[in-house]
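# A structural walkthrough
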Amino acid sequence: MQAPARRWAPALGLLTVLLTIALLAAACATASAPAAGAGGEDAGQPVPAEEPGKGQLDGGTGQGGSVPFADLAERKIVKTGELTLEVPAVGTAVGELRAMALSLGGYVSDSRTGGEHESATVTLRVPAERFDAALERLHGMDGEVKVEATKDEDVTSSVVDLDARIRNLQASEEQYRVLVGRAEKIADVLAVQSRLDEVRGQIEQLTAQLKQLNGLAALSTITVTLVPNSTPVQDAAEAWDPGATFGSAAAALVSAGQTLADAGIWLLIVGLPILVVVAIVLWLALRLRPLARRMATPPSAPVSEE
């Protein structure tokens, strides 16, 4: 009985090794399953069990109903405004807008100006909580508001969605880092590292979008178009340009002189030879006319003396 046992001992040892490898493979598959679910094709999507804008804003109720009053302060609102102001002096108004933006804790992000009597466009960035104060200051400037439009856009759900996607991708990143440490084959290391780099790129992209949304919500944008005041006398004075009138008259005189010069050149080169030929023909006709008459008249009969 000892001989058969010794004969089956290698087979039992090989079976034990195979079972151990199978258990390790199952453990690795179980460890990689959460990473695949969080960083696979749907890695950039929020967790289905918790929709953005519901659990986070509803105090964890998950019913998506009314938002508690305490959470209203956490909303992200992007405020924008557009105004057209008619002012007596555009340059002075541009300076007032710059000073106003600094006094409100903001700045001028863009400015396109021309002359004193030309329109200008100034873009202001002010803190969101000072948006209404900025509008009041604009109405109090020396001028008249011709056009005004404001817009409030709630981007809270977008911010929550981006934050959830970033957290999911960060969890996937940690899982992939663990798998890189466990991988033994070069092909496995390269495959996991490639996926890790892809997840890291998605995290950076979504982080930039989240930063941009938070920046737009923190600083409101007001675009102000400045146009100068206009009066009938001023419009008539600006429309009259003596220099342009003098230039037009001088151009007309030069054009008339050029036309006369062209006519003289044509007369000298083309008309004069024609006149010479016509004069010669007329002279010959006048000279030959008496001779033609004599030749056409028959001779008269002699008169007898009787």
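Each remark here, short or long, concerns the structure printed above.
Criteria and cut-off values
Just so you know, the residues in each chain are numbered from 1, in the order the chain's sequence is written. Owing to the predicted nature of the model, reporting of local features is limited to residues with pLDDT of at least 70; listing and counting of side-chain atom pairs is limited to 80 or more, with chain, interface and lining totals taken over all residues. Calculation of side-chain values draws on the structure's entire complement of heavy atoms; hydrogens and water are dropped beforehand. In this text, helices come from DSSP runs of H or I with a minimum length of four residues, and strands from runs of E with a minimum of two, each type numbered from the N-terminal end. The buried label applies to any residue whose accessible area, calculated with a 1.4 Å probe on protein chains only, is under 20% of its type's maximum; exposed applies above 50%, and partly exposed to all values in between. Should any heavy atoms of two residues lie within 4.5 Å, those residues are considered in contact. Computed with a 1.4 Å probe, the accessible areas rest on the Shrake-Rupley method; for each residue, only the protein chains presented here act as cover. For two strands to count as paired, DSSP must find a minimum of two bridges between them. Where helices are involved, their axes are fitted lines through C-alpha atoms of the stretch in contact, as for all axes, and angles between N-to-C directions lie from 0 to 180°. In this text, buried Ala, Val, Leu, Ile, Met, Phe, Trp, Tyr and Cys residues form a nonpolar core when linked through side-chain atoms within 4.5 Å. Throughout this description, any angle smaller than 35 degrees is read as roughly parallel, any larger than 145 degrees as roughly antiparallel, any in the 65 to 115 degree range as roughly perpendicular, and the remainder as oblique. Note on convention: near helix rotated counterclockwise from far helix by under a right angle means a left-handed crossing. Clockwise means right-handed. Residues are grouped as follows: Ala, Val, Leu, Ile, Met, Phe, Trp, Tyr, Cys and Pro are nonpolar; Asp, Glu, Lys and Arg are charged; all remaining types, including Gly, are polar. Charge counting treats Lys and Arg as positive and Asp and Glu as negative, with His and both chain ends excluded. Within this document, salt bridges are pairs made up of a side-chain nitrogen of Lys or Arg and a carboxyl oxygen of Asp or Glu, the two lying within 4 Å of each other.

## Focus on the overall build of the protein chain
If you tally the helices and strands in the protein chain, you get 7 helices and 5 strands. Going residue by residue from the N terminus, the α and β elements of the protein chain occur as α-β-α-β-β-α-β-α-α-β-α-α. Residue burial in the protein chain is summarised as follows: out of 306 residues, 22% are buried. Sequence separation of at least 24 residues holds for 77% of the intrachain contacts in the protein chain that already meet a minimum separation of 6. Carbon and sulfur atoms make up 61% of the accessible area of the protein chain, which amounts to about 21,000 Å² in all.

## Overview of the sheet that holds strand β1 (residues 77-87)
The 5 strands are arranged β2-β3-β5-β1-β4 in an open sheet whose pairing can be described as mixed. The sheet is open, and its two borders are formed by β2 (107-112) and β4 (144-154), each paired with just one other strand. Neighbouring strand axes in the sheet, compared pairwise and without regard to direction, differ in orientation by 15° on average. Note that strand β3 (residues 120-127) and strand β5 (residues 219-228) share 8 bridges and pair antiparallel. Along β5, the bridge assignment pairs Arg125 with Thr221. On the sheet, helix α3 (residues 131-139) packs against β1, β3, β4 and β5 and is oriented at approximately 10° with respect to β5.

## Topic: the nonpolar core
Formed by 22 residues in total, the largest nonpolar core has its most connected members in Leu85, Leu97, Leu124, Leu138, Ile222, Val224 and Leu226. Those elements that provide at least two residues to this core are β1, α2 (90-103), β3, α3 and β5. For this core, the leading source of residues is α2, giving 6 residues. Val78, Val159, Tyr176 and Leu210 belong to the second-largest nonpolar core, a separate cluster that totals 16 residues.

## Brief notes about the packing of α2 against α3
Put simply, α2 and α3 touch, their axes get as near as 11 Å, and they point 155° apart. For the element pair α2 / α3, the angle class is roughly antiparallel. Handedness of the α2/α3 crossing: right-handed. Contacts from Leu97, Met100 and Ser103 in α2 reach Ala134, Arg137 and Leu138 in α3. Its residues placed into classes, the contact of α2 with α3 shows 4 nonpolar, 1 polar and 1 charged.

## So, the side chain of Lys79
Along the chain, the position of Lys79 falls in strand β1. No salt bridge is formed by the buried Lys79; its nearest oppositely charged neighbour, Asp132, is found at 4.9 Å.

## Observations regarding the packing of helix α4 (residues 156-182) against helix α5 (residues 186-218)
One can describe the packing of α4 onto α5 by two numbers: an axis separation of 9 Å at closest approach and a directional angle of 160°. Taken together, the axes of α4 and α5 lie roughly antiparallel to each other. Every pair of crossing elements has a handedness; the one defined by α4 and α5 is left-handed. The residue makeup of the contact of α4 with α5, split by class, is 14 nonpolar, 7 polar and 5 charged.

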